[in-house]
Amino acid sequence: QLQLQESGPGLVKPSETLSLTCTVSSGSISISNYYWGWIRQPPGKGLEWIGSIYYSGDTYYTPSLKSRVTISVDTSNNQFSLKLSSVTAADTAVYYCARCLRSYYDSSGSEKPRCGFDPWGQGTLVTVSS
Amino acid sequence: EIVLTQSPGTLSLSPGERATLSCRASEPVSSSYLAWYQQKPGQAPRLLIYGASTRATGIPDRFSGSGSGTDFILTIRRLDPEDFAVYHCQQYATSPWTFGQGTKVEIK
């Protein structure tokens, strides 16, 4: 069954860039109709969608983080990655990667994501501290 | 963005009892693109329900989802000890996809 695994540094200094990678196994990241996403959860708080990407490189970001986020895809290694710049303590969270449930075609025929999430990676805690 | 408000914040029940969790949206969620997740301490969320009422693969039939528009319900028919956890709702009708703040179901 499809599995996702996050990897990256667990400690990042304030003002630096957080970088994480999600490796997909037992399935291809290049499959049609599925986008891939990043979600985070600060300690003791709720879930926040960060952004999603298609294997073609098409990306969608949540507006509140859009100026600091870059999500990219590496189909040759079956991975997608998250970069979050200029981090502060407020970015301390468990970061999850997950697959979006489905996609749809808009009126112009462009494929768009429809992101409920399943399955999820186990998550990785990233602490922002000097 | 669509704001989801879950109630109650905490539900204290005994095993075998029925749990009813509410998720209210700030505007209608089109085509019932509403999901429910279960999260246990130290674990990732697990998809329970999608499309407001469809159980995900492997989810026991004691879990059921209902609702449309702005009001959605997750019902756990008879609480099993393994069901005590936090439950999150999420809308995926309109980007940005948003989550509720969660309802904790604890043992009374």
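Here is what the cut-offs are and how they apply
Residues numbered from 1 in each chain as written. Chains lettered and ligands numbered in written order. Predicted model: local features only at pLDDT ≥ 70, side-chain atom pairs only at ≥ 80, totals over all residues. Heavy atoms only, no water. Disulfide = S-S within 2.5 Å. Helix = DSSP H or I, 4+ residues; strand = E, 2+ residues; numbered from the N terminus. Salt bridge = Lys/Arg side-chain N within 4 Å of Asp/Glu carboxyl O. Buried < 20%, exposed > 50% of the residue type's maximum accessible area, 1.4 Å probe, protein only. Pairing = 2+ DSSP bridges. Axes fitted to C-alpha atoms, helices over the stretch in contact; angles between N-to-C directions. Phe/Tyr/Trp six-rings, centres within 6.5 Å; stacked < 30°, edge-to-face > 60°. Lys NZ or Arg CZ within 6 Å of the ring centre and 35° of its normal. Core = buried A, V, L, I, M, F, W, Y, C linked by side-chain atoms within 4.5 Å.

## With respect to the state of the cysteines
Residue and element names in this part refer to chain A. Using the criterion set out here, one finds three disulfides over all chains in the structure. Here C22 pairs with C97 through a disulfide, and the sulfurs are 2.1 Å apart. Around the S-S axis, the bridge from C22 to C97 shows a dihedral of about 65° and counts as right-handed. Pair noted here: C22 is in strand β3 (residues 18–25) and C97 is in strand β9 (residues 93–105), with a separation of 75 residues, a long-range link. In this model, C100 is linked to C115 through a disulfide, with the two sulfur atoms separated by 2.0 Å. Its S-S torsion of about 80° marks the bond between C100 and C115 as right-handed, since a negative value means left-handed.

## Structural notes on the pattern of salt bridges
Inspection of the entire model under this criterion finds eight salt bridges over all chains. A salt bridge links D91 of chain A to R40 of chain A, with the nearest nitrogen and oxygen atoms 2.8 Å apart. One end of the pair, D91 of chain A, is in the loop between β8 (79–84) and β9; the other, R40 of chain A, is in strand β4 (residues 36–41), and 51 residues separate them in sequence. The exposure class of D91 of chain A is buried, given its relative accessible area of 2%. D61 of chain B is the salt-bridge partner of R77 of chain B, the closest N and O atoms lying 3.6 Å from each other. Remark: D61 of chain B occurs in the loop between β6 (54–55) and β7 (63–76) and R77 of chain B occurs in the loop between β7 and β8 (86–91); sequence separation between them is 16 residues. When salt bridges with common partners are traced through the structure, they connect R40, E48, R68 and D91 of chain A into a single cluster.

## Section: the sheet that holds β3 of chain A
Residue and element names in this part refer to chain A. Strand order in the open sheet formed by four strands is β1-β3-β8-β7, and the pairing between neighbours is antiparallel. Edge positions in the sheet fall to β1 (3–7) and β7 (69–74), since each has one partner strand and no second. Taking each pair of neighbouring strands and ignoring which way they run, the sheet shows an average axis angle of 20°. Across five bridges, the pairing between β1 and β3 is antiparallel. Bridge pairing links E6 to C22 in β3.

## A closer look at the packing of aromatic side chains
Tallying each qualifying case throughout the model produces 13 aromatic pairs over all chains. Pairing W49 of chain A with W97 of chain B gives two aromatic rings, centres 5.7 Å apart and planes at 50°, and the pair type is tilted. Of this pair, W49 of chain A sits in strand β5 (residues 48–53) while W97 of chain B sits in the loop between β8 and β9 (98–99), on two different chains. Across the pair, exposure class does not vary: W49 of chain A and W97 of chain B are buried alike. Seen from their ring centres, Y96 of chain A and W120 of chain A are 5.5 Å apart, and the 80° between their planes marks the pair as edge-to-face. In this pair, Y96 of chain A is assigned in strand β9 and W120 of chain A in strand β10 (residues 111–120), connecting sequence segments 24 residues apart. The same class applies to Y96 of chain A and to W120 of chain A, which are both buried. Three or more aromatic residues joined by ring pairs form one cluster here, namely Y96, F117 and W120 of chain A together with Y37 and F99 of chain B. The cationic tip of R99 of chain A hangs over the ring face of Y34 of chain A; the distance from NZ or CZ to the ring centre is 4.1 Å.

## Describing the nonpolar core
Within the largest apolar cluster, 48 residues are counted, with the highest numbers of intra-cluster contacts made by F117 and W120 of chain A together with L21, L34, W36, Y87 and F99 of chain B. Those elements giving two or more residues to this core turn out to be β9 and β10 of chain A together with β2 (10–13), β3 (19–29), β4 (34–39), β5 (46–50), β7 and β8 of chain B. The element contributing the most residues to this core is β3 of chain B, with five residues. With 25 residues, the next largest nonpolar core counts L18, C22, I53 and L84 of chain A among its residues.

As far as function goes, none of this settles anything; it's purely spatial.
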